[in-house]
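The residues making up each chain are set out below.
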Amino acid sequence: MAFVTANWNPLGEAFYRKIELYEMGWNLKDGLRDCLISAAPYGGPIALLREPQRRSPSARPQLEIYSASGSSLAGFVWKSGVVKHLGWTVCDDLLCIQEDGTVLIYDLFGSFKRHFSMGNDVVQNQVVEAKVFHSPYGTGIAIITGAFRVTLATNIEDLKLRRLPEVPGLHEAPSCWAVLTQDRQSKVLLAYGADLFILDNTACTAVTPPGLSPQATSIVSMAVSFSYKYLALFTDSGHVWMGSSNLKDKLSEVETKVRTPPKQMTWCRRPKSEQPSVVIMWDRHLLVAGKCRDTIQYHLDDDSVLVPELDGVRIISSTHHELLQEVPAACEAIFKIASMAPGALLLEAHKEYEKQSQKADEYLREIKEQSLLGEAVRQCVEAAGHEHEPETQKTLLRAASFGKCFLSNFPPEQFVSMCRDLRVLNGVRDYTVGIPLTHTQFRQMTVQVLIDRLVYRKLYPLAIEICRYLKIPEYQGVSRVLKHWACCKVQQKEEADEVVARAVSIKLGEAAGISYSEIATKAYECGRTELAIKLLEFEPRSGEQVPLLLKMKRSQLALSKAIESGDTDLVYTVVTYLKNEMNRGDFFMTLRNQPVALSLYRQFCKHQEQNTLKDLFNQDDDHQELGNFYVKASYKEKRLEARLSLLQSAVDEYSKAKNEFAAKATEEEMRLLRFQRRLEEDKGEHLMGMSLQDSMQILLSVGLHKQAEQLYKDFRVPDKRYWWLKLTALADKEDWEELEKFAKSKKSPIGYLPFVDVCVKRQNKYEAKKYVSKVTPEQKVKAHLAIGDLEGAADAAIERRNEGEISTVLSRCSTTTDRAVVERLNRARSGATKK
Amino acid sequence: MAAHLSYGRVNLNILREAARKDLREFLDKCAGSKAIVWDEYLTGPFGLIAQYSLLKEHEVEKMFTLKSGRLPPADVKNIIFFVRPRLELMDIIAENILSEDKLQTPREFNILFVPRRSMLCEQRLKEQGVLGSFTNIDEYILDLIPYDGDLLSMESESAFRECYLENDQTSLYHTAKGLMTLQALYGTIPQIFGKGECARHVANMMLRMKREFAGSQTQILPVFDTLLLLDRNVDLLTPLATQLTYEGLIDEIYGITNGYVKLPPEKFAQKKQGEGGKDLPTEPKKMPLNSAEELYAEIRDKNFNAVGAALSKKAKIISAAFEERHNAKTVGEIKQFVSQLPHMQAARTSLANHTSIAELIKDITTSEAFFDNLTVEQEFMTGVDTDKVNTYIEDCIAQKDPLLKILRLVCMQSVCNNGLKQKVLDFYKREILQTYGYEHLLTLNNLEKVGLLKSQITTRNNYPTIRKTLKLWMEDANEQNPNDISYVYSGYAPLSVRLTQLLARPGWRSIEEVLKLLPGPHFEERQQLPPGLHKKRQQGENRTTLVFFLGGVTYAEIAALRFLSQMEDSGTEYIIATTKLINGTSWVKSLMDRPDQQV
């Protein structure tokens, strides 16, 4: 405890500390010299390729993969081409970029996953330099080719190669370069002598860092921060320039007095820190530069590699693994010598308390008087998170817990979650696991990702322990881990299908939300179809089973599963698949046994493939639908003959379907069409496509009474409708004479009130009167009222002694002008009531 | 914006907010300026979720309607297609993308499927060679849209046609998914009742989905006690009848779409002094209709005959409130009066609007044609002369009244007679074909397929039994102060709602016999609640039932359910969900086939 500050070094306002993470477990004979080395961020694995240039077949280079603590994960002889660069993806896969632009992907146990090429341009001109970078869109690769052009892919999972614009005047390798992500785009920053260029998709822009010291004639090294927000440039004059990566602001510039180009330079700034700082490494010399003129210098015993992290820099040498970072504010407040911060006092108070000294009370009082106890507890908890040594963590947490006792209503969440987090972190930092995460990194990375990483390293028991300990909902936690375990299990080819299936089902039986289909897919990919089918049976989500069943050519089963799921889109998918896979006959037969699929397919055909629809109906002998089909088709035909022939087909089908009505109606339609054509030829009236009623109406209105009459008879139009039609047609023409003749032609089937109404409607009361007398007694009152004859209405009503009608007439009378009528009606009404 | 959604028994704003959150998240995925290309059908439903302002906040600068050819120019980074997963739309999108100007700066294409992405569509895009052009392909799960404080709709126009005519159960799948989303937000619904084939299918899917997602259950105290799934074809009669509530009549006459109605503008001209001779507006007046408007919430569900009295009462209250200013003496009183002014003025505008609408409707309801039509409907519903050709229908055909009116009446007669005699049916069909054209043969065939028209072959007419047992006709319906749901149709009590009412009390066991006469199975399912979530009902606390109408619901039915919720001793409050709000006309129209109008 007393030595917490022993490894602190001041730089400007802040302190920097270098702590040892591991003594490396590997045994490297030649150190890190002549190695290609790459370590994944967030305490990820380390890949090492010794003497990559060695080409002789007798002594091929060796590729080795280690955990961050140096325990070997894999090692094999490299048999492919010359590797120019190694890098890690965001999900801990190893990328080996070869001279010819081929990228080979291995998992961290050294199993080959896949490969891809960075394009013809790279193949032709070879790789000069390559970089792997991470952005929110995934892992990207940038390459400088022998033609000194940049080829870039932002996401290797969704490979879209971009060749960036040419840099004017660049005929040799740039002095240094870097990739940055800005405005949702990956750009390349490239220095050539003293010139600096930004390359994006469309342009190459020359830029000048504001306030770069003028002595420099060349930028020899550059570094972009972990967040892509900041940029550092190292010049041949020995200056380090630090600024924002958009080159708008300068943060500081420090003279290092070293003019040799550094071996490596990285940022070392923790999030929200006040001070920008970079770490620069030469062969045996490490330097931290910040805002002030002073620098911190370290001597290195051995060849080393810097690994930039979110909140510091890891330094890996052949013997040690260290973390260099700015001392977090909370730790500084507590441990700085003679600090009077509340946290420091609380820690002191707790120490005294443990010694059973009354001084504890004094310290505590001092904090409480300033009412800073809450703050003190928070500081201790936070500082514990940043400390690496479990003993220090415990001391701080005990102090915090002690302080909490004197606070009422202090929210416990922070303390509890910190204890949990630290337990997890100490677990994964353990030598055997070897993931040296800081608390800040852990927060950024999230538990989910950490569990993924553990799973990826096949540390299933630890992952499950963590899930249970952190009480992660089962389907996100334990179930997921178990699924991965199962996926791994099915790849163990030495075990029999039965055994594996049983083992999987026993382990996974209780867990909720397991996706068996994913496990089955894995099994299928390993060529274990039978096992896959066995596993699929455990899958409760029938929809999930479908894609795999299709892949395994179990299409019938896939169809029933799709139907079972109720997801019609899935059914469609299987149906489309079947259609392409089977011959037509079998396909139709299959559908026939699955009515749901059949009607969906019919729907599809209705919109997309009319002819198939016909075939479907044919095969089912569905004559009714065939009839409808032909009727529909007939409306698409312009030519009458074609139309008639389609309608004839419809008639035949309807007859076969024993739908006599439809057959007859369609025959009628044909008859009407023929009639309309004849009329068009003879009289030039265009009636084609009109309904029978409309045809008759037009004929009447143009005076072709005979033809109308013919339709009326031929089509056995009911008298009533025909009378209505003729009546309105004549009234529309105001052909009153013809109307009267019509009225007298025979007894009207619709009565004579409509005659009165049509006349009145056309303001011809004179004509209307002619029909009033013919109206039936029940409608007399209405008829008289229609022509405005109150007297007549009154007479009729009184005659019929109908009280309702009397009231109707009364309601239409005005008391002033129709006094006589009113009196008469009133009398009649009282008479009617008496009786 | 949508405060009226939160007032009800169940806060439906939670659902709306969830939907809005998803939308925002998607929009933010496509960083930079964007233009939305709309599948026109979706604009209405989306309006219920988010206004343009929300889209604008997320850098949506332009909006277009999806049509073939080249996309209109827009200087934006992203083009987003908002579409239903339909193949014909995929073809249009492909055409849009392929005819994009190669010389311009490339725009990023995105596609958002509503309500669900579809492999079939993606396959089609692949075949057209454009699948690779999309930066984002996503789905926007919008099944149940909050329509009002107690009303959810899927706004799926063709749901009834698809389910009952085409045997395409896609919308049922969406229904089940929608109900799962609902349960994720409002807790598992412990009891499920249902009647009808589709109801059974939806319930089965729900139970299956619940099994599939075991483990991801939400720990939410259930808000709904019961879910009742009803097939529209259990009650084919109700939508055919003319609705007689205020809202129902607005819908019957002017049609309400996505919560808005368009009215003839003349009645709503601003009558301000001094500008008397100004031009009358020619654009129809578009008005939102929902419970956010206090007056509308009060009168929407009344029988239209009671609306006049309610409006005049309201008028008196408002003018009395304005008179208050004369009594305001002290500064404090005046201040209080002024603070109420905006509210009062809004109330006055609202009153003026609804008085105008009521006048418009009154002109129609007092017409002889309306009266005659209603008389015939009521005759059918009471079982008068349903077995022979009806003279009124005959005359209407002879005078070529609108076909939809004829179809409604004929279907109604058929339903009330449990099918028509072959002779009568053929007569009607022939009359329709001769008068309106032979192309309607297909429509008639459709109506027969869904059971709206049928010929009475063997089965006895069971409608009178159903009518009597379920008391579907109430002789003395009180329109002013209703005591029974039959007020919404001035005598006829909607069958669907009667079933709902009887389920709550005394339970369906009492009407087993009648249930057997209605199509489809009836069933009850229970869903296990996670331990600790069993609700402890307070004394006198009402139960909450979600009634889901598969294939559509009318405003009058909703009114009837609201009436039940408000009845003092009912003990149950209802939330209503449906595939689409319908009326007889829009419903029958959705079943029509017009080969002559095909392209």
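Computed from a predicted structure; not experimentally measured.

Glancing now at the pairing of strand β1 (residues 34–38) of chain B. Residues and elements named next belong to chain B. Extensive coverage of β1 is indicated by the burial of 5 of its 5 residues. Burial of the side chains of β1 extends over both faces: K34, I36 and W38 are buried on one face and A35 and V37 on the other. Direction of pairing for β1 relative to strand β3 (residues 78–83): parallel, over a ladder of 5 bridges. When the bridges of β3 are listed, V37 appears paired with F81. By the bridge criterion, 5 bridges tie β1 to strand β2 (residues 60–65) in an arrangement that is parallel. When the sheet's bridge partners are listed, I36 is paired in β2 with M63.

Next up on the list: the pattern of salt bridges. Residue and element names in this part refer to chain B. Tallying each qualifying case throughout the model produces 82 salt bridges over all chains. A salt bridge links E25 to K21, with the shortest nitrogen-to-oxygen separation between them at 3.8 Å. Residue E25 and its partner K21 are located together in helix α1 (residues 13–29), separated by 4 residues, close to a single helical turn. For K21, a relative accessible area of 46% gives the class partly exposed. Between R300 and E247 there is a salt bridge, and its shortest N-O distance comes to 2.9 Å. Of this pair, R300 sits in the loop between α11 (294–299) and α12 (304–327) while E247 sits in helix α10 (residues 246–254), and the two are 53 residues apart along the sequence. What you see here is one network of salt bridges that share partners, running through D148, D150, E247, R300, D301 and R562.

All names here are of chain B. Domain annotation of chain B identifies domain 1 (3–142), domain 2 (143–241 + 492–589), domain 3 (290–366) and domain 4 (369–461). A separation of 30 Å is found between the C-alpha centroids of domain 2 and domain 4. With 15 residues of domain 2 at the interface, the matching set in domain 4 holds 15 residues. It is L165, L240 and V588 that lose the most area in domain 2 upon contact with domain 4, and together they represent 41% of the buried surface on that side. Taken together, the links from domain 2 to domain 4 amount to 0 salt bridges. Seen at the junction of domain 2 and domain 4, the total is 3 residue pairs in polar contact (both at pLDDT 80 or more). Of all the elements in the fold, those that place two or more residues in the side of domain 2 that touches domain 4 are α6 (159–165), α9 (237–240) and α23 (584–590). Broken down by element, the residue count for the side of domain 2 that touches domain 4 peaks at 5 residues, all from α23. In terms of residue class, the side of domain 2 that touches domain 4 is made up of 11 nonpolar, 2 polar and 2 charged.

Turning our eyes to something else, we now look at empty space enclosed by the protein. Residue and element names in this part refer to chain A. For the structure on display, the rule yields 4 cavities of 30 Å³ or more. There is about 70 Å³ of room inside the largest cavity. Considering the residues around the largest cavity, the lining is formed by 14 residues, among which R17, L323, Q325, H386 and T438 are closest to the centre. Those elements that provide at least two residues to the lining of the largest cavity are β2 (14–23), β29 (320–326), α5 (373–386) and α8 (439–456). Residues that form the lining of the largest cavity fall into these classes: 2 nonpolar, 7 polar and 5 charged.

A few words on the confidence of the model for chain B. Residues and elements named next belong to chain B. Mean pLDDT over chain B: 89, with 95% of residues reaching 70 or higher. Low pLDDT (under 50) marks residues 272–277, which in the prediction has 0 contacts with non-local residues, meaning those over four places away or in another chain. At the level of chain-chain contacts, confidence expressed as ipTM amounts to 0.90, with global pTM at 0.74.

A separate point is a negative patch on the surface. Among the surface-exposed residues, B:D28, B:E59, B:E61 and B:D75 lie close enough to one another that they form a single negatively charged patch. Looking at the element boundaries, B:E61 is found in strand β2.

Turning to the nonpolar core, a few remarks are in order. Residues and elements named next belong to chain B. Grouped together as the largest cluster of nonpolar side chains are 329 residues, with contacts concentrated most on F81 and F82. The element that contributes the greatest number of residues to this core is helix α16 (residues 403–416), accounting for 10 residues. Not counting chain neighbours up to four residues away, the residues in contact with F82 comprise L23, F26, L27, I36, V37, W38, D39, L42, F46 and L112.

With that settled, consider the interface of chain B and chain A. The partner chain A presents 51 residues to the 52 residues of chain B that form the contact. Summing the contributions of chain B and of chain A, the shared interface buries around 4,500 Å²; its carbon and sulfur component is 53%. Viewed at the interface, chain A and chain B are joined by 8 salt bridges. With a closest N to O distance of 2.8 Å, A:E564 and B:R208 form a salt bridge. At the boundary of chain B with chain A, the tally comes to 27 residue pairs in polar contact (both at pLDDT 80 or more). Mapped by element, the contributors of at least two residues to the side of chain B that touches chain A are α4 (87–98), α5 (119–127), α7 (170–186), α8 (197–212), α15 (391–398), α17 (422–436) and α18 (441–450) of chain B.

Reading guide: rules and limits
Residues numbered from 1 in each chain as written. Chains lettered and ligands numbered in written order. Predicted model: local features only at pLDDT ≥ 70, side-chain atom pairs only at ≥ 80, totals over all residues. Heavy atoms only, no water. Buried < 20%, exposed > 50% of the residue type's maximum accessible area, 1.4 Å probe, protein only. Helix = DSSP H or I, 4+ residues; strand = E, 2+ residues; numbered from the N terminus. Pairing = 2+ DSSP bridges. Salt bridge = Lys/Arg side-chain N within 4 Å of Asp/Glu carboxyl O. Domains from an automatic or database assignment. Contact = heavy atoms within 4.5 Å. Buried area = accessible area lost by both parts, 1.4 Å probe. Polar contact = N/O pair within 3.5 Å; in protein donor to acceptor, adjacent residues only side chain to side chain. Nonpolar A, V, L, I, M, F, W, Y, C, P; charged D, E, K, R; others polar. 1 Å grid on protein atoms, 1.4 Å probe; cavity = no way out; pocket = protein on both sides within 12 Å on 5 of 7 lines; lining within 4 Å. Points joined across faces, edges and corners; volume = space filled by probe spheres on them. pLDDT = per-residue confidence, 0-100. Patch = residues over 30% accessible without salt bridge, like charges linked within 9 Å, V, L, I, M, F, W, Y side chains within 5 Å. Areas by Shrake-Rupley, 256 points an atom, 1.4 Å probe, with all protein chains shown as cover. Lys, Arg positive; Asp, Glu negative; His and termini not counted. Charge placed at Lys NZ, Arg CZ, Asp CG, Glu CD. Core = buried A, V, L, I, M, F, W, Y, C linked by side-chain atoms within 4.5 Å.

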